[in-house]
Every structure is written in C-alpha cells, then in structure tokens.
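# Analysis of the macromolecular model
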Amino acid sequence: MQHNALAEKDRAVFNVIAREEKRQKEELELIASENYVSLSVLEALGTVLTNKYSEGTVGHRYYGGNQIVDEIETLAVARLKKIFGAEHVNVQPLSGSPANAAVYMAFLKPGDKILGLKLDHGGHLSHGHPVNFSGMLYNFVQYEVDSKTGRIDMAAVRKLAKKEKPKMIVAGYSAYSREIDWKEFKKIADEVGAYTFADIAHTAGLIAAKLLDNPVPYFDVVTTTTHKTLRGPRGAVIMCQKKFAKLIDRAVFPGMQGGPHNHVTAAKAVAFGEVLSKDFKIYAKQIIKNSKVLAQEFLKKGYEIVSGGTDNHLFVLNLQNKNIGGHDAEVILEKVGISVSRSTIPDDPKSPMNPSGVRIGTPAATTRGMKEKEMKQIVSWIDEALQNRDSDKILAQIKKEVKKMCLEFPIPTK
Ligand SMILES: *Cc1c(COP(=O)(O)O)cnc(C)c1O
C-alpha cells in the first residue's frame, strides 16, 4: 500500500500499519470470520467520502450536498438487490451487531420474546446472550443443536416455538457447519405467528454464489456483515420485504445510528460488484472444497468435528480427545503463524475462556489461492504443532515453513 502522506507525517501510526501488513502477508489466517479485501475495496475506503454527512435515505437527506453520495448508495443498493433478489435493502448498518439491533428495534418492543440459537451451540452474542444488549433488552429463549448429531433438530425447534409462542425466530449462526433449513423455520414461524429473521453474516458469500440456500425469498428480514465471506469492507446490510422497508429504514436512522459511513458504502458497492463477477463463484466453490478437505484430513488424523463434517466454509474441531483446550491450541498455533479462534462445543463442560474446541475456516486462505494440496499441508502442520507443543525447535521450524508457503500465496495485489 502507498501511504506517502502518512509515512511522512505520522511515523508511529504508519509503522504499526506496516507491521500488521507484514503479519498478514507472512501468516496463515484460518479464522472463519476473516478475509482479505481487494485493493479496489481498500482504495474506496481511503477516500474523501469519509468527509460527508448524509443522515437519511437517498433523496431524503438531512444535509445538503448529497447528490453525488446518493449515487454511491444507489449503486450499492442496486447491486445488493441483484445478488440476493431482495425487495428492499438498507446498506447503512455500521456492522453486524448494530444491524441486528436495528432489526429487533424495527419489529419488537423491549421484553418481547425471541427464539435464538444458544451461543455455545454456534449462535452469536447478538442472538440473546445475557451479556449482550440483545439478552438484556429482549426475552430470548434459546434453542440448541442435538447433542448426538450436532445439528439443529427442527422437531425440537417446533416444539419449543409452540410452547413459547415467540414474536420472532432467529436463524443463521457463527459456528455451525451445516445447511440451514430456512423453509422449515419459515413454516414453524407461520404456525406460531412469529417474524422470521435470518442472520447470514457468515455464509452470505456462499449464498450469493448459490452454493447454499438463500433465505431472502422466504424470510421477513435478513442481515449480513459485508466483511466475512462477502469479502467486502467491515460493515453490514439489512434486506427485507417491501412492506417492512419503512420500519427497517427508520430503525437504522434515526433509531440506532447517525450518519452513514459513505466511504464504506462505496467499498460495499465495489465488493458487491466483485461478488457479481464470474470469478466470485469459482472462489466460493473453492472455499467449500477447501473446507471439506481440511475437515477430512483432520478426521483421518483422529480429530473430532462437531456434527462430523461441514457443508460450508467452517467447522469446529472438538479437542476433548486431544487433551488440549481451545485457548491453549490457539496460543500454540499462533507461535507457528497460524490464526484460529477458540470455540465452545455444544454443552461445553469447560469455560468460554478455554473452551473445548477451535473454529477453523477457509475464506481467507482461499482468497490467497490456496487449494486442496495446501489444505493437507496445513492439517499436517497443525497436528505436528499440537503434538510437539513443548518443543520450541519444532514450532520454530513449522513457523518457517508456514511463512514460506504464505509468501508463495500473496494477499490480494489487485
Ligand atoms: C460476525 C457476526 C455478527 C456480528 O458482526 P460484527 O460486525 O462483528 O458486529 C452477527 N451475527 C453473526 C451470526 C455473526 O457471525
């Protein structure tokens, strides 16, 4: 990246950014929620659009001088509608959690009952965890995955919904490696008169490429982050049926947020343009191929995977039979230049600080062009590192090899 002004004027900040750029180039990213954006997305982010206030919606702003900004937002909206077939979209949400807050605010009152998946079963904080605004403001009842199969048991969801009669049902998760039966969720919601809310923060890119089922045609409202498999800037969007358009737009502004981040809106438009390209479909297919190979290689080496495998870009390794906690595994792998995130397993007997699993995902490595061969190599390194965690010499050797491979697969240069 060129940051000539920054390099001259503020060495302290410049140097930190340069070191982080080097880290990203030399290390292997297996955190399922991360990715590398294109240079076009980065360039859009670093523009004068950040200078402008544009509270309101296209054509209805609370400040003057927004005619050009309106064009950017209109472009982002049109592209997103095309990707998911949405009737109405709002591209202003600052990130996934505020987008979800706006959805609850649009449809519900504080204290209303919502069904969401439990965090340690793969859900997200903003789906009703007690330490999060969602759990504080709304009356969440949590469903779970089946303890034997590791999959969501739709019969159990139906039973819970009939007993609890929630106003809303949330589906879409952070650490769930299987297909989601949107249609069945919609049927259950209709049976009890609940709104349907899909949070596809993790899988949006795979849905966009039509490799996983799309909830947008069936659900009342859908949110997604734009920085995970969609490979755009940090941010989020909300999609809904036309009849809810006003409710959603008002909840985003003035309900939840002030001015939109126009430089991010421009970067979202760029990313959506990339998602609409033929290359993106090839990329998304490879993400899933890589994830399946990674999972199979772990199974071959005697590792356990929650639900036994994966249909998408991620899975959770259950490390209970390997005598190591998720946090400790995360720290050892960090020593060899591999980033993973600790994760709970369903009904985890250990604490969230050092839970029994790690979550592994392939979107970032796939962006670098890594394929099946590299996935096999990665599993060998991870297994070797965990088995030889007390040998600084072996860990140092693995780190060298990881770096060598990473430099052969550069982060995006276009
Ligand atoms: C990542 C994620 C979010 C939150 O996104 P932030 O941008 O980190 O606020 C919300 N829901 C799900 C399911 C997620 O995986």
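Residues numbered from 1 in each chain as written. Predicted model: local features only at pLDDT ≥ 70, side-chain atom pairs only at ≥ 80, totals over all residues. Heavy atoms only, no water.

### Here's the deal with the pattern of salt bridges
Put simply, the rule is: Just to be clear on terms, a salt bridge is a Lys or Arg side-chain nitrogen sitting within 4 Å of an Asp or Glu carboxyl oxygen. Labels follow the DSSP assignment, with helices taken as runs of H or I lasting at least four residues and strands as runs of E lasting at least two, numbered in each case from the N terminus. For every residue, the accessible area obtained with a 1.4 Å probe (protein chains only) is divided by the maximum for its type, and the residue is called buried under 20%, exposed over 50%, and partly exposed between those limits.
For the coordinates displayed, the defined rule picks out 20 salt bridges. Note that E26 is salt-bridged to K22, the shortest N-O span being 3.2 Å. In this pair, E26 and K22 are both assigned in helix α2 (residues 11-26), 4 residues apart and thus about one turn of the helix distant. A relative accessible area of 18% places E26 in the buried class. One salt bridge in this structure joins R23 and E27, with 3.4 Å as the shortest N-O distance. We classify E27 as buried; its relative accessible area is 18%. Several salt bridges share partner residues, and in doing so they unite R158, K162, E184, K187 and E191 into one network.

### Brief notes about a positive patch on the surface
Rules: For patch building, the residue pool is restricted to those with more than 30% relative accessible area and no salt bridge; the joining distance is 9 Å between like charges and 5 Å between nonpolar side chains (Val, Leu, Ile, Met, Phe, Trp, Tyr). Throughout, the Shrake-Rupley method with a 1.4 Å probe supplies accessible areas, and for residues the shown protein chains are the sole cover considered. Charge counting treats Lys and Arg as positive and Asp and Glu as negative, with His and both chain ends excluded. Taken as the charge centre is NZ of Lys, CZ of Arg, CG of Asp or CD of Glu, depending on the residue.
Among the surface-exposed residues, K210, K281, K285, K289 and K371 lie close enough to one another that they form a single positively charged patch. Among the secondary structure elements, K281 is positioned in helix α12 (residues 278-300).

### A short note on unusual backbone geometry
The omega torsion of the bond from F253 to P254 falls at 10°, within 30 degrees of zero and hence cis. One can find P254 in helix α10 (residues 245-256). Not every positive phi belongs to a glycine, and N323 is a case in point at roughly 55°. Positionally, N323 belongs in the loop between β12 (314-318) and α13 (326-335). The phi dihedral of D347 falls on the positive side, at around 55°, and the residue is not glycine. Structurally, the position occupied by D347 is in the loop between β14 (341-343) and β15 (357-361). Here D347 falls in the partly exposed class, since its relative accessible area comes to 42%.

### A short note on the sheet that holds β14
Applied cut-off: The pairing criterion is simple: DSSP has to find at least two bridges between the two strands. By definition in these notes, contact holds between two residues if any of their heavy atoms fall within 4.5 Å. All axes here are fitted lines through C-alpha atoms, helices being fitted over the stretch that makes contact, and every angle between N-to-C directions spans 0 to 180 degrees.
As summarised here, the arrangement of the 4 strands in space is β11-β12-β15-β14, forming an open sheet in which the pairing is antiparallel. One side of each edge strand has no neighbouring strand; the edge strands of this open sheet are β11 (304-305) and β14. Two elements, β11 and β12, share 2 bridges in a ladder whose sense is antiparallel. Within the sheet, the bridge partner assigned to I305 lies in β12 and is L317. Here α12 sits on the sheet and contacts β11, β12 and β15; the angle it forms with β12, its principal contact strand, is near 15°.

### Description of the pairing of strand β10 (residues 236-240)
Across the 5 residues of β10, 5 count as buried, placing the element largely inside the fold. Neither face of β10 is left uncovered, since the one carrying A236, I238 and C240 and the one carrying V237 and M239 both have all their residues buried. The sheet contact formed by strand β4 (residues 88-90) and β10 spans 3 bridges and is antiparallel. When the bridges of β10 are listed, H88 appears paired with C240.

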